[in-house]
Each structure stands twice: as C-alpha cells, then as structure tokens.
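Below, each chain spelled out in residue letters.
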Amino acid sequence: MYTTTEINAIAEAIRTSEIWDADQCRALCDAAGMLDAYEAADGDTFESVVFAAADKLGVEIL
C-alpha cells in the first residue's frame, strides 16, 4: 500500500527525469493496482499502461 505522499513522490520523480526509470514506473503501476498490466506490457505498450496508472491515481507524469 502506498501513501499519497509516496505516490506523489514517485510521480514527481518520473516527471522530472529525462528517461523514465523502470522501477519508478513499476511502483506507480503497483500503486494503481495495475502491476499485472505493467509486467505484461512490452516496449511498445508500457507507456500507455504508465499513463493509465497516473490517470487512475490522479497524478501528472509529464
């Protein structure tokens, strides 16, 4: 279970990075209950999963 503070910190880290960190993206998806979708995603689809997780959590990652 992630706190709001932790979720916001993960989103901020993703938002301020030039290159997304896989562990941070995984954590964001985990917090959104979308870990299975993230782990099933490939190089062409993982971004849409991460964006969906951010939307579900109500945070900005761009």
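Along every chain, residues carry numbers that run from 1 in the direction the sequence is written. Totals for whole chains, interfaces and linings use all residues, but because this is a predicted model, local features are given only for residues with pLDDT of at least 70 and pairs of side-chain atoms are given and counted only at 80 or more. Hydrogens and water molecules were not included; the side-chain quantities draw on all heavy atoms of the structure.

Caption draft 1: Main features of the packing of aromatic side chains. Only Phe, Tyr and Trp rings take part, Trp by its six-membered ring, and two of them pair if their centres are within 6.5 Å. Stacked means planes under 30 degrees apart, edge-to-face means over 60, and tilted covers everything else. Applying the stated criterion to the full structure yields two aromatic pairs. Ring plane angle 80° and centroid distance 6.4 Å describe the contact between tryptophan 20 and phenylalanine 46, whose orientation is recorded as edge-to-face. With tryptophan 20 in the loop between α1 (4-16) and α2 (22-31) and phenylalanine 46 in helix α4 (residues 46-57), the pair connects residues that are 26 residues apart, well separated along the chain. Relative accessibility under 20% of the residue-type maximum defines a buried residue, over 50% an exposed one, and the middle range a partly exposed one, all with a 1.4 Å probe and only protein chains included. Taking the relative accessible area as the measure of exposure, phenylalanine 46 reaches 25% and is therefore partly exposed. Taking the centre distance of 5.4 Å and the plane angle of 65° together, the rings of tryptophan 20 and phenylalanine 51 count as edge-to-face. Separated by 31 residues along the polypeptide, tryptophan 20 in the loop between α1 and α2 and phenylalanine 51 in helix α4 bring together distant segments of the chain. A relative accessible area of 35% places phenylalanine 51 in the partly exposed class. Through pairs of rings, three or more aromatic residues link up here, namely Trp20, Phe46 and Phe51. A run of H or I in DSSP becomes a helix once it reaches four residues, and a run of E becomes a strand once it reaches two; helices and strands are each numbered from the N terminus.

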